[in-house]
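Each chain is listed here by its residues.
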Amino acid sequence: MLPGETEECGPAEDLAAAAMTLARRFAAGATLWCVAPPWPSHSRHVAVEFVHPVIVGKRALPAISIDGARARESVRLLARPGDVLLAVSTADDACTLDLLERAEAWGLTRVWIGAGPRPLGGRAEHVVWLEGADPRLATRSGDVVLLYHLLWELTHVVFEHPGLLRAEPDCTEEVCITCSDEGRVAEVRHALGGGMVEVIVEGRLETIDATLVEPVTSGDLVLVHAGVALTALGDGSA
Amino acid sequence: MTSEPTSFLYPFIDSEERDTSALLVDLAASARSKIHQSRDVRRATLERCAGALAQAGAAMAARFAGGGRLFAFGNGGSATDAEGTAQLFCEPPGGRALPALSLVDDRAVLTALANDVGYELVFSRQIIAHARPGDIAVGFSTSGGSVNMLRAFEEASRRHLLTIGLCGYEKAAMATSDAVDYCLVVRSESVHRIQEAHDALMLELWAIVQRHLSHGEGS
């Protein structure tokens, strides 16, 4: 066995689903924002794959690598709702977890590639994971690189099917977060006084009632339902 | 695509296509096949290169034991392999942290050299500035023919560095250059499979170096 290799053949189905989503987002005009806080070389590598394809004739797609240290501020300023955040990391990387949570408020679709213990659900729309692998070895054994090489390749295969690029996939989750009564993650922008705050949620500015979770400051994450902040999720210091 | 006269031959390439399930099955099958291919290439490469890896790893360990440092370089995706290699040696998953630097990281130096003296000299000029005779030069190139890589190896060899190249074709200039002490060649037609195998080769070299240093060999 290779270092970090797992018995399983790998997350082929998860790659296929992620590629379908990514191609559709690109077709709709999205930019792919790439971060890899524990392993910065991976975010640059995955971005260059999309921008400068190794196969002549494949279209250049907008993918941009952002360094981990400045990622929160940069992605918040640069990304538009509908863009995609691709993170390459371990499941417990604090910087990645913070970004993924905020990305939901910013209206980004999230793809998370990594190795080691699989993350808990709900942090990304697509999780492509090498379970059972030692992430410290998988990151340099070729296995992590293989995952995003395949994501790039499969995304271009989807582009050969123009009819499939238009529609978003149907909601197939048992409990779909956008269709249910579950709260949505919001990032606080400004306190407006009188318990009201301006937040960004699903990429849009909204004014909500924050009296249940006060005090809140700019950058805090809260869970919002029906215009009311129900729970504070963190102070953004992660 | 429907306007193509041959589109009836390829009904699946159709702008009216709506059902994703068939394509998802194909994509997953393709991914599974490529995952096997990648692991086969890496396994075969490690086996075929075992002798060269043992020798190169021992030589690297001796250099590190003598205070040598590793300089890594490459272009594009291979530049990120250089960056990842430096991180592997400096922040190892185990064993001893070893001095390694990627020559692609400083954008001021890279753009100054590319602008003023030409892109073919961006690595060799840094070798001239930084390298000492006991150091190690490691270069990644899937084609094995990049001019700036060859210039860097020639400069490094002239300055008595240990030179290690990773490339993708047996007949590449890097594989046949006298300036490269150990050239590890991946036999594949795919740039991606070559890059994945380069990672596996470098991880193996790192592991060999660590084994030598933990046993006090090479010192």
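A quick note: this is a predicted structure, and the numbers were derived from the prediction, not measured.

1. Points about the overall build of chain B
- Scanning chain B from N- to C-terminus turns up 8 helices and 5 strands.
- Reading the secondary structure of chain B in the N-to-C direction produces α-α-β-α-β-α-α-β-α-β-α-β-α.
- With the C-alpha coordinates aligned to their principal axes, the bounding extent of chain B is approximately 70 × 45 × 30 Å.
- When burial is assessed residue by residue, chain B has 50% of its 219 residues classed as buried.
- For chain B, restricting intrachain contacts to residue pairs at least 6 apart in sequence, the fraction spanning at least 24 positions comes to 68%.

2. What about the domain arrangement of chain A?
- Domain annotation for chain A reports domain 1 (12–164) and domain 2 (184–234).
- Taken residue by residue, the interface counts 7 residues in domain 1 of chain A and 9 residues in domain 2 of chain A.

3. A closer look at the sheet that holds strand β5 (residues 182–185) of chain B
All names here are of chain B.
- Spatial strand order, β2-β1-β3-β4-β5: 5 strands in an open sheet with parallel pairing. Two strands in the sheet have a free side with no partner beyond their single neighbour: β2 (100–102) and β5. Across this sheet, the average inter-strand angle for adjacent strands is 15°, counted without regard to direction.
- Bridge analysis of strand β1 (residues 70–74) against strand β3 (residues 136–140) gives 5 bridges, and the strand direction is parallel. Among the inter-strand pairings, F73 is bridged to a residue of β3, identified as G139.
- Packing against the sheet, helix α6 (residues 147–158) makes contact with β1, β3 and β4 (162–167), and its axis sits at approximately 165° to β3.

4. Some remarks on the interface of chain B and chain A
- Taken together, the contact pairs 39 residues of chain B with 39 residues of chain A.
- Those elements that place two or more of their residues in the side of chain B that touches chain A are α1 (21–48), α3 (77–90) and α8 (191–214) of chain B.
- Of the residues in the side of chain B that touches chain A, the class split is 15 nonpolar, 12 polar and 12 charged.

5. Description of the sheet that holds strand β4 (residues 109–115) of chain A
All names here are of chain A.
- Strand order in the open sheet made by the 5 strands is β2-β1-β3-β4-β5, with parallel pairing throughout. Strand pairing shows two members of the sheet lacking a second neighbour, β2 (63–65) and β5 (126–130), which therefore form its edges. On average, each strand axis in the sheet is tilted by 15° relative to the strand beside it, whichever way the strands run.
- Two strands pair when backbone bridges link them, and strand β1 (residues 32–35) and β2 are joined in this way by 3 bridges, in the parallel orientation. Bridge pairing links C34 to S65 in β2.
- Across the face of the sheet, helix α6 (residues 143–159) comes into contact with β3 (84–89), β4 and β5 while running at roughly 150° to β4.

6. Re the environment of B:I127
Residue and element names in this part refer to chain B.
- Mapped onto the elements of the fold, I127 is located in helix α5 (residues 124–130).
- What makes I127 buried here is the crowd of 24 C-beta atoms within 10 Å.
- For the pair I127 and T111, spaced 16 residues apart in sequence, the C-alpha to C-alpha distance is 16 Å.
- Excluding anything up to four places from it in sequence, I127 contacts F71, A137, A152, E155, A156 and R159.

7. Examining the nonpolar core
- Counting 138 residues, the largest nonpolar core has A:L15 and A:A19 as the members making the most contacts within it.
- When residues of this core are assigned to domains, at least three map to each of domain 1 (12–164) and domain 2 (184–234) of chain A.
- Setting aside residues up to four positions removed in sequence, A:A19 forms contacts with A:L151, A:L154, A:T155, A:V158 and B:L27.

8. Here's the deal with unusual backbone geometry
All names here are of chain A.
- In this structure, the amide linkage connecting E214 to the following residue, P215, adopts the cis form with an omega of 5°.
- With respect to the helices and strands, the residue P215 is situated in the loop between β8 (204–209) and β9 (221–225).
- You will see that E202, though not glycine, has its phi angle at about 50°, which is positive.
- In this fold, E202 is placed in the loop between β7 (196–201) and β8.

9. Here's the deal with the packing of helix α3 (residues 71–78) of chain A against helix α4 (residues 94–105) of chain A
Residue and element names in this part refer to chain A.
- At a closest axis distance of 10 Å, the pairing of α3 and α4 adopts a crossing angle of 20°. It follows from the interaxial angle that α3 and α4 lie roughly parallel. Considering the relative orientation of α3 and α4, their crossing is right-handed. Within the contact between the two elements, α3 uses A71, R72 and V75 and α4 uses C95, D98, L99 and R102.
- Residue composition of the contact of α3 with α4, grouped by class: 4 nonpolar, no polar and 3 charged.

10. Describing α1(B)
- For α1(B), spanning 28 residues, the distance from its first C-alpha to its last is 41 Å, which sits close to the expected 40 Å at 1.5 Å a residue.
- Restricting attention to buried positions, one finds in α1(B) the residues B:L23, B:L27, B:A28, B:A31, B:K34, B:I35, B:S38, B:R39, B:V41, B:R42 and B:T45.
- The inward-facing, buried residues of α1(B) contact α1 (12–27) and α6 of chain A together with α8 of chain B.

11. A word on the confidence of the model for chain B
- Here chain B averages 93 in pLDDT, while 92% of its residues score no lower than 70.
- The complex model carries a pTM of 0.91, and its ipTM stands at 0.91.

12. Focus: helix α2 (residues 50–65) of chain B
Residues and elements named next belong to chain B.
- Between its terminal C-alpha atoms α2 stretches 22 Å, which fits the 22 Å expected from 16 residues at 1.5 Å a residue.
- Buried within α2 are the following residues: L53, A56, G57, M60, A61, R63 and F64. Viewed end-on, α2 has its buried residues packed into an arc of 160°, placing them on one side of the element.
- In this fold, the buried residues of α2 make contact with β3, β4, β5 and α8.
- Downstream of α2 by one or two residues, G67 has phi in the positive range, about 95°.

13. As for the environment of A:A63
- Within the fold, A:A63 resides in strand β2.
- A:A63 sits 15 residues away from A:V48 along the chain, and the two C-alpha atoms are 7.5 Å apart.

Conventions we followed
Residues numbered from 1 in each chain as written. Chains lettered and ligands numbered in written order. Predicted model: local features only at pLDDT ≥ 70, side-chain atom pairs only at ≥ 80, totals over all residues. Helix = DSSP H or I, 4+ residues; strand = E, 2+ residues; numbered from the N terminus. Buried ≥ 20, exposed ≤ 12 C-beta atoms within 10 Å, placed from the backbone. Contact = placed C-beta atoms within 7 Å. Domains from an automatic or database assignment. Pairing = 2+ DSSP bridges. Axes fitted to C-alpha atoms, helices over the stretch in contact; angles between N-to-C directions. Nonpolar A, V, L, I, M, F, W, Y, C, P; charged D, E, K, R; others polar. Core = buried A, V, L, I, M, F, W, Y, C linked by C-beta atoms within 7 Å. Parallel < 35°, antiparallel > 145°, perpendicular 65-115°, else oblique. Left-handed = near helix turned anticlockwise from the far one by under 90°. Expected span 1.5 Å × (residues − 1). pLDDT = per-residue confidence, 0-100. Arc of directions from axis to C-beta.

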